[in-house]
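What follows is the residue order along each chain.
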Amino acid sequence: MGEISPPSPQRFEPMHHFTYHDGILHAEDVSLPRLADEVGTPFYCYATATLERHYQVFTAALAGLPAHIHYAVKANANMAVVRTLADLGAGADVVSEGELRLALAAGISPKRIVFSGVGKTAAEITLALDHDILQLNVESEPELEAISRIAVASGRVARVALRVNPDIDASTHHKITTGRKENKFGIAWTQAPAVFRYAAGLPCIEVVGLATHIGSQITDLHPFRDAFRRVRSLVFQLRTENFPIRRIDLGGGLGVPYDNDAALPPQPAAYAAVIRETLGDCGCEILLEPGRLIVANAGMLVTRVLYVKEGASRTFVIVDAAMNDLVRPTLYDAFHAILPVVAPPPHTAPRVVDVVGPVCETGDTFATQRPLPPVRAGALLALASAGAYGAVMASSYNLRPLVPEVIVKGGRFAVVRRRPSYAEMLALESLPPWLTPP
Ligand code: LLP
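Reference entry: report on the structure contained in this document. Note that the structure is predicted; figures quoted are calculated from it, not measured.

Some details on a nonpolar patch on the surface
On the surface, a nonpolar cluster with roughly 380 Å² of combined accessible area is contributed by L431, W434 and L435. Mapped onto the secondary structure, L431 falls in the segment after helix 12 (422–427).

What about helix 7 (residues 192–200)?
Taken together, the buried positions of helix 7 are occupied by A192, P193, V195, F196 and A199. All buried residues of helix 7 project into a common sector of 160 degrees when viewed along the axis, lining one side. If you follow the buried residues of helix 7, they end up packed against helix 6 (141–154), strand 9 (158–165), strand 10 (187–188), strand 11 (205–211) and helix 8 (221–240).

Things to note about the pairing of strand 13 (residues 285–288)
Bridge count for strand 5 (residues 67–72) against strand 13 is 3 bridges, and the pairing is parallel. Across the sheet, I69 pairs through a bridge with L288, a residue of strand 13. Bridging between strand 12 (residues 247–249) and strand 13 involves 3 bridges; their strand directions are parallel. In the strand pairing of strand 13, D249 is matched with L287. Once you follow strand 12 into helix 9 (residues 268–279) and on to strand 13, the crossover reads as right-handed.

A look at the sheet that holds strand 3 (residues 30–31)
As summarised here, the arrangement of the 3 strands in space is 1-2-3, forming an open sheet in which the pairing is antiparallel. Whereas interior strands pair on both sides, the edge strands pair on one side only; in this sheet they are strand 1 (18–21) and strand 3. Sheet topology note: the strand 2 (residues 24–27)/strand 3 ladder contains 2 bridges and is antiparallel. Among the inter-strand pairings, A27 is bridged to a residue of strand 3, identified as V30.

Let's talk about the nonpolar core
Judged by nonpolar contacts, the single largest core of 104 residues is most densely connected at Y71, V160 and I248. Looking at this core element by element, the count peaks at 8 residues for helix 8. Not counting chain neighbours up to four residues away, the residues in contact with V160 comprise L136, V138, L144, I147, I205, E206, V207, V208 and G209. Among the nonpolar cores identified, the runner-up in size contains 22 residues, and F18, V30, L35 and V408 belong to it.

Cut-offs used in this document
Residues numbered from 1 in each chain as written. Predicted model: local features only at pLDDT ≥ 70, side-chain atom pairs only at ≥ 80, totals over all residues. Heavy atoms only, no water. Patch = residues over 30% accessible without salt bridge, like charges linked within 9 Å, V, L, I, M, F, W, Y side chains within 5 Å. Areas by Shrake-Rupley, 256 points an atom, 1.4 Å probe, with all protein chains shown as cover. Salt bridge = Lys/Arg side-chain N within 4 Å of Asp/Glu carboxyl O. Helix = DSSP H or I, 4+ residues; strand = E, 2+ residues; numbered from the N terminus. Buried < 20%, exposed > 50% of the residue type's maximum accessible area, 1.4 Å probe, protein only. Arc of directions from axis to C-beta. Contact = heavy atoms within 4.5 Å. Pairing = 2+ DSSP bridges. Right-handed = clockwise from strand over helix to strand, strands pointing away. Core = buried A, V, L, I, M, F, W, Y, C linked by side-chain atoms within 4.5 Å.

The structure is reproduced here in structure tokens:
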């Protein structure tokens, strides 16, 4: 095992704004130890500059295309994050009533909101129609029928795009691949013309185009190219049947670097080149729904070491964050870089440790046999690339309160989601009448 020289985030530097100043990890100009003192650990911390940079890099890559960005709120639904992106011009892709309400509350115009998802409820469809959002992406004939019924009853016309399943393997983790025919998503692309014909006969439905989304954390452009070609062939086929396809929604999915030692995923410019090559000339407005790409490296989960336990065969670094706060490692075997908040002296030899949380199951492990600079109880660690699918996937398993979220801008910071009190958590519960109160 070589030296750690240093826990240097140099390779991160172009991508995010968590850097060491005088050996202390900062989010922009705010030191993480200071935040830990103010907020308590664990907490999520987001860097506005990274959000802005990623949004701008993605927008610049799309220059010249008739493209609009609809940020996938599911990746990070913090209102301050969504508002920051709205200020930069982003629309939203939402998948639930909660996300729709949040996007509206964050100031995103309904005209810039797309509603995706395979199982929209009647209440969600009604709310979407009441707000006259840009479009609903429809994934099945029964869903089309439900939207038509609700639209008729409320005297509105529903603009829909049919989400097609192009039967392409995105070569990503099996739990987040969505574009294969055995996945629950979309209408088989081979059946799309028949469903278009069917939709044309339904009252109060206006089909405006096609949508697709083949998966997430995709690190190879080939699946995108193959899927977009299938979309292209459908656009032209449907036009021969006089369906005016004017909008295509290509979903999200472009991967981000999690591991300093792994190959970098394709750059947004290369992804945009694939869009230009496959769909640039089809005369359609293009919607994109990036989530992870915008927010993943804009966030860290900061945690404190509780104990260092020398086990029979391993050293366990037991931290105060757990799988309920960041579930990706245990759910997808995801890698998150772990940085010491206080940089070790140069040439410090690493120790190979397991970084684990306090939750009572072995799956509560953030890193297995990871070389880290030696740490002691009380030290702060930062789990990197936690801005996407971090806080949004948290639960209160083991009755642990959801952790707060802090956003930084330059030298300023704000707690934008506070930690609930135990009283608030317990207030949601009640005893049934047949139990005597304690
Ligand atoms: N559009 C649709 C319809 C989606 O289902 C998703 C993600 C996105 C856009 C955004 O994809 P992105 O650009 O973020 O890859 N929890 C998993 C990821 C689940 C992704 C679900 N859909 C994880 O932590 O890796």
